[in-house]
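Chain by chain, the residues:
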Amino acid sequence: MKKIKISPSILSADFSQLGNEIKRLEEGGADMIHVDVMDGHFVPNLTIGPPVIKSLRKHTDLIFDVHLMISPVHKYIKDFAESGANIITIHPEATENLKDSINLIKSLNKKVGISLNPNTKIDIVEDFLSEIDLVLVMSVYPGFGGQKFIPEVLEKIKKLKTIKEKNNLNFDIEVDGGINFENCKQVIDAGANILVSGTTIFKSNNGNIKKNIYDLKIN
Ligand code: DX5
Ligand code: ZN
């Protein structure tokens, strides 16, 4: 059984203090930093790009778990790799050739993740599960923090876990969106080993990041 890791999303951080916020997350016990990149086209919101990630890179050695909610995504992968991303996660709907994009990320010596929206079936990624490092199961429709967890995705997590065990595969199952103290145990029991959280980590318990990260892990 893999150790549960927490990847706090900086989408809920104070964007005027991102360097300090990342330090707070590191001191609070974050295992990695989830960086939500949005282009206002693939999702109806705009956030940050490679220049910001590059400037944040010097503030921590933690893994940058970069979630690209952008399309077209293929032509930007190299920029994100060079900016300091360690894991590059893309949405299959955002590339013309998923195999080429996976191979490009691997050629840049980065870990590759594929993100499945709540209405995206596992079939789209099934043929690549032995080649990728992570499946990011969206438990909200991407674009904003603070949304409500969609419980129907629990079945998808369970199915991914079954496929993983049956084929002796090693990809991480990361779940992203609406994770809180009430649903995190269900998500872990279903098969997730990495939890993304923005609102719960930054806003619960008067913003006590250390407590919030700990409580998500042990629940
Ligand atoms: C949504 C992002 C998520 C989101 C998680 O598009 O991909 O990472 O920021 O935030 P919470 O935990 O607030 O749902
Ligand atoms: Zn995300």
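Conventions and cut-offs
- Residues numbered from 1 in each chain as written.
- Chains lettered and ligands numbered in written order.
- Predicted model: local features only at pLDDT ≥ 70, side-chain atom pairs only at ≥ 80, totals over all residues.
- Heavy atoms only, no water.
- Pairing = 2+ DSSP bridges.
- Helix = DSSP H or I, 4+ residues; strand = E, 2+ residues; numbered from the N terminus.
- Axes fitted to C-alpha atoms, helices over the stretch in contact; angles between N-to-C directions.
- Buried < 20%, exposed > 50% of the residue type's maximum accessible area, 1.4 Å probe, protein only.
- Arc of directions from axis to C-beta.
- Contact = heavy atoms within 4.5 Å.
- Polar contact = N/O pair within 3.5 Å; in protein donor to acceptor, adjacent residues only side chain to side chain.
- 1 Å grid on protein atoms, 1.4 Å probe; cavity = no way out; pocket = protein on both sides within 12 Å on 5 of 7 lines; lining within 4 Å.
- Points joined across faces, edges and corners; volume = space filled by probe spheres on them.
- Nonpolar A, V, L, I, M, F, W, Y, C, P; charged D, E, K, R; others polar.
- Salt bridge = Lys/Arg side-chain N within 4 Å of Asp/Glu carboxyl O.
- Right-handed = clockwise from strand over helix to strand, strands pointing away.

The strand order β1-β8-β7-β6-β5-β4-β3-β2 describes an open sheet built from eight strands, whose pairing is parallel. On the outer flanks of this sheet lie β1 (5–8) and β2 (32–38), each paired with one strand and no other. Pairs of neighbouring strands in the sheet enclose a mean axial angle of 25 degrees, with direction left out of account. As paired strands, strand β6 (residues 134–138) and strand β7 (residues 172–176) are joined by five bridges and run parallel to one another.

Now for helix α4 (residues 98–107). Looking at α4, one finds that the buried residues are Leu-98, Ser-101, Ile-102 and Ile-105. Seen end-on, α4 carries its buried residues on one side only, within an arc spanning 100 degrees. Buried residues along α4 sit against α3 (77–83), β4 (87–90), β5 (111–116) and α5 (123–126). One side-chain oxygen of the residue at the start of α4 lies 3.0 Å from the amide nitrogen of Lys-99, identifying that residue as Asn-97. Once α4 ends, the next one or two residues include Asn-109, with phi positive near 60 degrees.

So, about the layout of surface pockets. Over the atoms rolls a probe the size of a water molecule, and in doing so it shows where empty space is left. Here the largest pocket defines a volume of roughly 300 Å³. In terms of lining residues, the largest pocket is bounded by 27 residues, among which Phe-144, Gly-145, Gly-146, Gly-177 and Gly-178 are the most central. Every element with two or more residues in the lining of the largest pocket is listed here: β2, β3 (63–69), β8 (194–197) and α8 (199–203). Looking at the lining of the largest pocket, its residues break down into ten nonpolar, 14 polar and three charged. Approximately 160 Å³ is the volume attributed to the second largest pocket. Lining the second largest pocket are 13 residues; nearest its centre among them are Lys-5, Ile-63, Ile-87, Lys-111 and Asp-172. Partitioning the lining of the second largest pocket into residue classes produces five nonpolar, two polar and six charged.

All told, the structure shown has nine salt bridges when counted by the stated rule. Glu-21 is the partner of Arg-24 in a salt bridge, and the nearest nitrogen-oxygen pair spans 2.6 Å. Here Arg-24 pairs with Glu-21, and both are found in helix α1 (residues 18–27), just three residues apart, close to one helical turn. The structure contains a network of salt bridges with shared partners spanning Lys-3, Asp-31 and Lys-217.

We now examine the pairing of β7. Among the five residues of β7, five are classified as buried, and the element is accordingly described as predominantly covered. Burial of the side chains of β7 extends over both faces: Asp-172, Glu-174 and Asp-176 are buried on one face and Ile-173 and Val-175 on the other. After leaving β6, the chain enters helix α6 (residues 153–166) and then returns to the sheet as β7, a path that is right-handed. Across three bridges, β7 lies against β8 in parallel orientation. Considered in β8, the bridge of Asp-176 is made with Val-196.

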